[in-house]
Amino acid sequence: MGDIDDITKEKRVVFVTVGTTSFDALVRAVDTPEVKNELFKKGYTDILIQMGRGSYTPTRASAENGFPALDYFTFSSSIADYLKSASLVISHAGSGSIFETLRLGKPLIVVVNEDLMDNHQSELAEELAERKHLYCARPQTLYKTISDMDPGSLVPYQPGGAKPVAELIYRYLGFPED
Amino acid sequence: MASSNIGVLLTIGVITVLVIRIIYVINRSRKPLHSKSPRSLSTLIVLGSGGHTAEMLNLLYVLQTERFKPRYYIAAATDNMSLQKHMCLRIPCSEALKEVGGAEFMQIYRSREVGQSYITSVGTTLVAIAHALWLMIKIRPQVILCNGPGTCIPLCVIAFLFKVCLLESDLFVLLTYLYCQVGC
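Residues numbered from 1 in each chain as written. Chains lettered and ligands numbered in written order. Predicted model: local features only at pLDDT ≥ 70, side-chain atom pairs only at ≥ 80, totals over all residues. Heavy atoms only, no water.

J.: Summarise the overall build of chain A; cite the residues concerned and give the values.
T.: The helix and strand inventory of chain A stands at 8 helices and 6 strands. Going from N to C terminus, chain A has its helices and strands arranged as α-β-α-α-β-β-α-β-α-β-α-β-α-α. Counting all 178 residues of chain A, 47% fall into the buried class. The contacts of chain A with a sequence gap of at least 6 include a subset with a gap of at least 24, amounting to 60%. Split by element, the accessible area of chain A, about 9,100 Å² in all, is 51% carbon and sulfur. (Helix = DSSP H or I, 4+ residues; strand = E, 2+ residues; numbered from the N terminus. Buried < 20%, exposed > 50% of the residue type's maximum accessible area, 1.4 Å probe, protein only. Contact = heavy atoms within 4.5 Å. Areas by Shrake-Rupley, 256 points an atom, 1.4 Å probe, with all protein chains shown as cover.)

Next up, the structure:
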């Protein structure tokens, strides 16, 4: 009986991650009726929040009319598995999270933490958004970004390699190149 | 009268020599080392938090590590993820274990924590510089690899000073800015 239900109702998970940081503003923004309802309208069934060192705890809930199910945890030894099974990723602007998600080819909304000084992270996020590899938002604009987004229109990201850098180093130091 | 003149001349002389030396070092840094192909160079690798370390490990994974021996890793005392754990995310854990076992891993005091006030940062930065100086004297690396975390600033400053003052012209510092894959 349960199997039939599973087949007909495919899970579409939104994975929210703040990495090793504390980013209450993002977790709070996701845990609002507006954002949850917008995600539901876009066809997502579950929200899973990795909240890191944050102090704001979202409310666990099962799916109900107009809202996806919501669950959370603090840390995981490897969030790669969660990224792999997600249909949408909402992440803080850490480069590790960003590139790991892009390498997996998942639709990504990057939310910039305005409390961080000298926001080099926002430069990265904005540049990648300009190149249409992801969407960039602030906690206050997350709702609008979700309602306006079209994940199918995002451009896949081709990762650069470290080989050219290694070759440059060899040349500089006088080593024979590979 | 005479002694103050000599003092002034001496000061001007020293400053002139320093300026010429600095220009020479900066100029020479742009060109590849002329020395014959080295067998292996002792290498200091600076690790920062999160993305910095991930990118550095990406680079190390493709580098021919035989050429960069012995290897010393430096990370800030408060960067919480262990080097081994970081490596296990990117390369087979058995290789990570070998690397961590074969290299020396040290911790350095951080100049400034995220969110720390600028006033107290002055004091902690001085401590970080002193600690960096101690580590550099201990290790005396021939190559420094770093990609821009705050941890590397005292080390790079001291490396530059070593090049200028101690005539270590062959000390090579690779400073790549993080995110170069998105276009520098």
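Picking up after the structure, the text goes on.
J.: Just give me the short version of the pairing of strand β1 (residues 13-17) of chain A, but keep the residues and values in it.
T.: All names here are of chain A. Judged by how many residues are buried, β1 sits mostly within the fold: 5 of 5 residues are covered. Side chains Val-13, Phe-15 and Thr-17 project from β1 onto one buried face, and the interleaved Val-14 and Val-16 project onto a second face that is buried too. When β1 meets strand β2 (residues 46-50), the two strands line up parallel, connected through 5 bridges. If you follow Val-13 over to β2, its bridge partner there is Asp-46. (Pairing = 2+ DSSP bridges.)

J.: How would you explain the sheet that holds strand β6 (residues 135-137) of chain A if you had to name every residue and give the values?
T.: As a general point, the strands of a sheet are linked pairwise by backbone hydrogen bonds and lie either parallel or antiparallel. Residue and element names in this part refer to chain A. The sheet built from 6 strands is open, its strands ordered β3-β2-β1-β4-β5-β6 with parallel pairing. Of all the strands in the sheet, the pair left with one neighbour each is β3 (69-73) and β6. The average undirected angle you get between the axes of adjacent strands in this sheet is 15°. (Axes fitted to C-alpha atoms, helices over the stretch in contact; angles between N-to-C directions.)

J.: Quick rundown of the packing of aromatic side chains? Include the residues and the values.
T.: To describe a pair of aromatic rings, you give the distance between the ring centres and the angle between the ring planes. A full pass over the atoms with the stated rule returns 6 aromatic pairs over all chains. In this structure an aromatic cluster arises from ring pairing among Phe15(A), Phe73(A) and Tyr82(A). A cation sits over an aromatic face here: Lys36(A) above Phe67(A), 6.0 Å from the ring centre. Sitting over the ring of Tyr170(A), Arg67(B) keeps its end group 4.4 Å from the ring centre. (Phe/Tyr/Trp six-rings, centres within 6.5 Å; stacked < 30°, edge-to-face > 60°. Lys NZ or Arg CZ within 6 Å of the ring centre and 35° of its normal.)

J.: An account of the pattern of salt bridges is needed here, citing residue identities and associated values.
T.: Residue and element names in this part refer to chain A. Tallying each qualifying case throughout the model produces 8 salt bridges over all chains. With its nearest N and O atoms 3.7 Å apart, the salt bridge here joins Lys-41 to Glu-38. Of this pair, Lys-41 and Glu-38 both sit in helix α3 (residues 33-41), 3 residues apart, which is roughly one turn of the helix. A salt bridge links Lys-144 to Asp-148; the nearest nitrogen and oxygen atoms lie 2.6 Å apart. You can see Lys-144 and its partner Asp-148 sitting in helix α7 (residues 142-148), 4 residues apart, about one turn around the helix. We classify Asp-148 as exposed; its relative accessible area is 52%. One salt-bridge network, held together by shared partners, links Glu-114, Glu-126 and Arg-138. (Salt bridge = Lys/Arg side-chain N within 4 Å of Asp/Glu carboxyl O.)

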